[in-house]
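Listed below, chain by chain, are the residues.
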Amino acid sequence: MSIPNHILEQLNSQADLISIIGRHTTLKRAGSEYKGCCPFHGEKSPSFYVNPQKNIYHCFGCSVGGNAISFLRDYENLTFIEAVNELSKQTGIEVPKEEQQNVSYQRAPIKPKVKPKAKPETKPKTAIEPATLAAATHPQSTNNQPVTDDQSSINVPAADTQPPAYNDNYPPLEAYDSVPYAMDDYHTSYQGDANYQDDSSYPPAWLTGDADTTALYDDNSVSDKDGNLYELLEQIQQFYQHNLTIHPHAKHYFLSRGITEDIFETFGLGYAPFGWQHLEHQFPQDIEGLKALGLVRKSESGRDYDLLRDRVIFPIRDNQGRTIGFGGRALDDEVKPKYINSSDSPVFHKQHVLYGYYESRQQRADNWLVVEGYMDVIALYQAGIYGAVASMGTAINESQISRLLTLNPTLTLSFDGDSAGQKAAWRTLEVALPVLGDDKELRFLTLPNNHDPDTFIKSQGADAMREQIATAMPLSQYIFAYLSERYDLTLAEGKAKLMSQVRALTTALPKGSSFRYLLNNDIYQKLGGKRSQNKDAKDALLDFDGDMTISQQLQLCFLFQPRALSDDPIEAIWQQAGINDLQLPAHIKQKASADILRPLAWEDLQDNALLDIVSTIKRCLNYLPKDANAAAHFILSNVKPSTQETLSRDWGGFYKALTTRNILSLDGLVEELVSQLIERHMKKKIQDLVKNPDNIKLAIVRKQSQLLNDWLRAQQAEQSAQMATVKS
């Protein structure tokens, strides 16, 4: 059986080598690598290293080394074909059954044309200045350097001239390059196509600068070699990239999005011009290759046409930096679809490629972030936040998540806050659970005010984006927040449905997972009533500022949850404590004034700032935005300047403290703070009546205070009983 070299390269580069070797020896992170005791020979001190950057292993004790295929073959005693098939199952990369399904294609001869007569001083419109041609033919970016077939090699950015720093004398990357791995045996025994070789005999006319060749081919220009898809893709990428420099409207699109010209080069950004057959005209000998790549298609009428037209181009690269496909975005937002990706081909498999992965690895990224769009990846990279990747229009899959978690045990997912974005985040969560061991962690980032990373960086800056990533929501909090919006947790039925879904989710976690028990228990505790949420809210409040008065705390709580005033808390407590039905002796009731018997009001607390907040919220309650932060700013814009100045200073930190802890309700905390204010008010009133005796009023206030204290003790006893039940 003959297996093309490019398939072997894809299998080895996409394999989860850490997991494969981890079945046989314990590997621990050591800097950017993993180390452990060598499975091939007995040793007490670890000298076996796995480099996830190159996806290779090496033992500095017995000198064994190789890649995924060699490990399965040499350690697990699989045959070469068995090892290939095993990796095919793990990665999803299909091994072709027919030998001719590879990266080679038959180039077509070009019919000679008669050179048209032209005036000597007239230059063809497609002629390009020599300086431009030199720049296009020899790009300076390391991303455009050819990648060798040596699987142990890795491209390093030109700017990174020093080896990375390693702790504990970990071997530098150069140590791997100097080791002669025995990886050529299966290349010679299982060669793909014998014609898999370089072909530099037919650069397009726009590269050579010979204007005459765009209109004339002679018989000697026809190559007798087959074409290579990788080389053709590189030529097309340069063609698109060159077109960006000569089409100002396309270049303006990127500049208007804040992308700088050095990023054009780093990501190879380009432009597919107008015209239904510009690729066929530019690469007339490579029609078969263009069709194999899906860049040229056939219409219902039988006419060939280019897939990408009048679109800015995002080259898609594999782990080795080779161009394997293209994404095209319409310049006009009204054009549908907005994004088009080139179709799967012998070298491009969408479900195994992450946009931006290669560029981030070149920057030795350590923290990884999954985003939704190409522009998000580029904006983060330009801001110096490396490690952002995006899937190819389809949901990220289990093997991709596993690979990213191998590079860093914490992975952050950033999706839009709309319904579609949150559904995508939930699907990703479900996909990730089977590979989420106890040492791995998923975090979820939903940016405020419907921002995506691209717009957030432009609005708030790179440092604010880093802070958002650092405080992303843990998986346990995200699950509860997501499900609590879909079930009515005031009903026992809603709590039961939520708990049932949580149990179903946790069954997907790896066998023996401690997180399964802890997550179930954590959600169960959250469903135990107001007590748990109330404690979390109080902890967050104390962590934020322990010196605030009760009134200031309550004002911030009302800003965060203005609906708490839809049913007046003072009236509610007055009724629950039974104070409104106060039973008094007849002689006292007859002598009591109407004022002393009326329910307590906010005005009685004699707190101007609190009264300002309460009255403003009640007045604006029906007009407030749904977003908590937006509603708070709406309220602040309508209160008195003195109140606004005080609360504005504290609001940002308070809001962050609560959202970071995923606190959904402040009902319990509001009730507790209002109770404390009422209790203090009653004590002060009693003290005033003792100083200025009024026996009738004093008897009534003492009775009211006694009912309030009885109710507060009953509330505390009920909460203690609930916690005891939950713990048992």
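Conventions adopted
Residues numbered from 1 in each chain as written. Predicted model: local features only at pLDDT ≥ 70, side-chain atom pairs only at ≥ 80, totals over all residues. Heavy atoms only, no water. Helix = DSSP H or I, 4+ residues; strand = E, 2+ residues; numbered from the N terminus. Buried < 20%, exposed > 50% of the residue type's maximum accessible area, 1.4 Å probe, protein only. Contact = heavy atoms within 4.5 Å. Areas by Shrake-Rupley, 256 points an atom, 1.4 Å probe, with all protein chains shown as cover. Axes fitted to C-alpha atoms, helices over the stretch in contact; angles between N-to-C directions. Left-handed = near helix turned anticlockwise from the far one by under 90°. Pairing = 2+ DSSP bridges. Core = buried A, V, L, I, M, F, W, Y, C linked by side-chain atoms within 4.5 Å. Salt bridge = Lys/Arg side-chain N within 4 Å of Asp/Glu carboxyl O. Phe/Tyr/Trp six-rings, centres within 6.5 Å; stacked < 30°, edge-to-face > 60°. Polar contact = N/O pair within 3.5 Å; in protein donor to acceptor, adjacent residues only side chain to side chain. Parallel < 35°, antiparallel > 145°, perpendicular 65-115°, else oblique. Nonpolar A, V, L, I, M, F, W, Y, C, P; charged D, E, K, R; others polar. Disulfide = S-S within 2.5 Å. pLDDT = per-residue confidence, 0-100.

1. Here's the deal with the overall build of the protein chain
Next up, step 1: Looking only at helices and strands, one finds 32 helices and 19 strands in the protein chain.
Next up, step 2: In the protein chain, which comprises 728 residues, the proportion classed as buried is 49%.
Next up, step 3: Long-range pairs, those at least 24 residues apart, make up 72% of the contacts in the protein chain between residues at least 6 apart in sequence.
Next up, step 4: When the accessible surface of the protein chain is split by element, carbon and sulfur atoms take 50% of a total near 35,600 Å².

2. Description of the packing of helix α24 (residues 550-560) against helix α31 (residues 667-691)
Next up, step 1: With their axes 10 Å apart at the nearest point, α24 and α31 run at an angle of 145 degrees to one another. Like other packed secondary-structure pairs, α24 and α31 cross with a definite hand, here left-handed. Each of Ile550, Ser551, Gln553, Leu554, Cys557 and Phe558 in α24 lies in contact with α31, whose residues at this interface are Leu669, Val670, Leu673, Val674, Gln676, Leu677 and Arg680.

3. Quick word on the sheet that holds strand β18 (residues 441-445)
Next up, step 1: If you trace the six strands from one edge of the open sheet to the other, you get β14-β16-β15-β17-β18-β19, paired in mixed fashion. Bordering the open sheet on either side are β14 (354-355) and β19 (473-474), each of which pairs with just one other strand.
Next up, step 2: Both strand β15 (residues 368-371) and strand β16 (residues 388-391) contribute to a ladder of three bridges, which runs parallel. Bridge pairing in β16 places Val370 opposite Val389.

4. Describing helix α15 (residues 374-382)
Next up, step 1: Burial of α15 is extensive: eight of the nine residues sit out of reach of the surface.
Next up, step 2: Every buried residue of α15 is listed here: Tyr374, Met375, Asp376, Val377, Ile378, Ala379, Leu380 and Tyr381.
Next up, step 3: Immediately beyond the C-terminal end of α15, within one or two residues, lies Gly384, with a positive phi of roughly 85 degrees.

5. Structural notes on the nonpolar core
Next up, step 1: Ranked by size, the top nonpolar core spans 59 residues in total, and within it Ile236, Phe254, Leu269 and Tyr355 carry the most contacts.
Next up, step 2: When sequence neighbours within four positions are dropped, the list of residues in contact with Phe254 reads Leu244, Ile259, Phe264, Leu269, Gly270, Val312, Ile313, Phe314 and Met375.

6. Notes on the pattern of salt bridges
Next up, step 1: All told, the structure shown has 22 salt bridges when counted by the stated rule.
Next up, step 2: Here Asp304 ties to Lys298 by a salt bridge, and the two come within 3.2 Å at their closest N and O atoms.
Next up, step 3: Taking relative accessible area as the criterion, Lys298 reaches 52% and is therefore assigned exposed.
Next up, step 4: Taking the shortest distance from any N to any O, the salt bridge between Lys458 and Asp454 comes out at 2.2 Å. Note that Lys458 and Asp454 are positioned in helix α18 (residues 453-460) at a spacing of four residues, about one turn of the helix.
Next up, step 5: Owing to a relative accessible area of 46%, Lys458 belongs among the partly exposed residues under this scheme.
Next up, step 6: Here Asp454 falls in the buried class, since its relative accessible area comes to 2%.
Next up, step 7: Beyond isolated ion pairs, a larger network of salt bridges with shared partners links Glu9, Asp318 and Arg322.

7. Let's talk about the pairing of strand β4 (residues 56-59)
Next up, step 1: Where burial is concerned, the two faces of β4 agree: the one with Ile56 and His58 and the one with Tyr57 and Cys59 are both buried.
Next up, step 2: By the bridge criterion, four bridges tie strand β3 (residues 48-51) to β4 in an arrangement that is antiparallel. Within β4, the position partnered with Tyr49 by the bridge is His58.
Next up, step 3: Taken together, β3 and the strand that follows it, β4, pair antiparallel across an intervening segment of four residues, in which Asn55 is found at a positive phi of about 60 degrees.
Next up, step 4: Pairing analysis gives two bridges linking β4 to strand β5 (residues 65-66), with the strands arranged antiparallel. Looking at β5, one finds that His58 is bridged to Gly65.
Next up, step 5: Counted between consecutive antiparallel strands, the loop separating β4 from β5 contains five residues, among which Ser63 sits at a positive phi close to 70 degrees.

8. What to know about the packing of aromatic side chains
Next up, step 1: Summed over all chains, the structure comprises 32 aromatic pairs.
Next up, step 2: Measuring from ring centre to ring centre gives 6.3 Å for Trp651 and Phe654, while their planes differ by 45 degrees; the resulting arrangement is tilted. Highlighted residues: Trp651 and Phe654, both in helix α30 (residues 641-660), separated by three residues, approximately one helical turn. Taken as a pair, Trp651 and Phe654 share a single burial class, namely buried.
Next up, step 3: Taken together, the aromatic side chains of Tyr253, Phe254, Phe264, Phe267, Phe314, Tyr339, Tyr355, Tyr374, Tyr381 and Tyr386 make up a single cluster linked through ring pairs.

9. Some words on the environment of Asp607
Next up, step 1: Residue position: Asp607 is located in the loop between α27 (594-597) and α28 (608-620).
Next up, step 2: A C-alpha to C-alpha distance of 8.0 Å links Asp607 and Ser551, two positions 56 residues apart in sequence.
Next up, step 3: Apart from the residues within four sequence positions on either side, Asp607 is in contact with Ser551 and Gln555.
Next up, step 4: Within the structure, the side chain of Asp607 is placed 3.4 Å from the backbone nitrogen of Ala609, a separation counted as a polar contact.

10. Quick look at the sheet that holds strand β8 (residues 270-272)
Next up, step 1: The four strands are arranged β8-β11-β12-β13 in an open sheet whose pairing can be described as antiparallel. The two strands at the open ends of the sheet, each matched to only one other strand, are β8 and β13 (339-341). Put simply, the sheet's adjacent strands are angled 35 degrees from each other on average, direction ignored.
Next up, step 2: The sheet contact formed by β8 and strand β11 (residues 311-317) spans three bridges and is antiparallel. Each bridged residue has a counterpart across the sheet, and for Ala272 the counterpart in β11 is Arg311.

11. Let's talk about the environment of Glu571
Next up, step 1: As for its placement among the helices and strands, Glu571 is situated in helix α25 (residues 569-576).
Next up, step 2: In this structure the C-alpha to C-alpha distance between Glu571 and Pro599, which are 28 residues apart in sequence, comes to 7.2 Å.

12. Here's the deal with the packing of helix α17 (residues 419-432) against helix α20 (residues 475-484)
Next up, step 1: The interhelical angle for the contact between α17 and α20, taken along N-to-C directions, is 130 degrees, at an axis separation of 12 Å. In terms of their interaxial angle, α17 and α20 are classed as oblique. The crossing of α17 and α20 is left-handed. From α17, Gln422, Lys423, Ala425, Trp426 and Leu429 reach across to α20, where they touch Leu475, Tyr478, Ile479, Tyr482 and Leu483.
Next up, step 2: For the contact of α17 with α20, a count of residues per class yields eight nonpolar, one polar and one charged.

13. Description of the state of the cysteines
Next up, step 1: Applying the stated criterion to the full structure yields zero disulfides.
Next up, step 2: Take Cys62: it sits in no disulfide, and the sulfur closest to it among the cysteines is that of Cys59, at 3.7 Å.

14. Here we look at the confidence of the model for the protein chain
Next up, step 1: In the predicted model, the protein chain carries a mean pLDDT of 78, and the fraction of residues at 70 or more is 78%.
Next up, step 2: The secondary structure element of the protein chain with the lowest average pLDDT is helix α7 (residues 185-189), at 36, and the one with the highest is β8, at 96.
Next up, step 3: Predicted confidence for residues 722-728 stays below pLDDT 50, and this span has six contacts to residues more than four positions away or in other chains.

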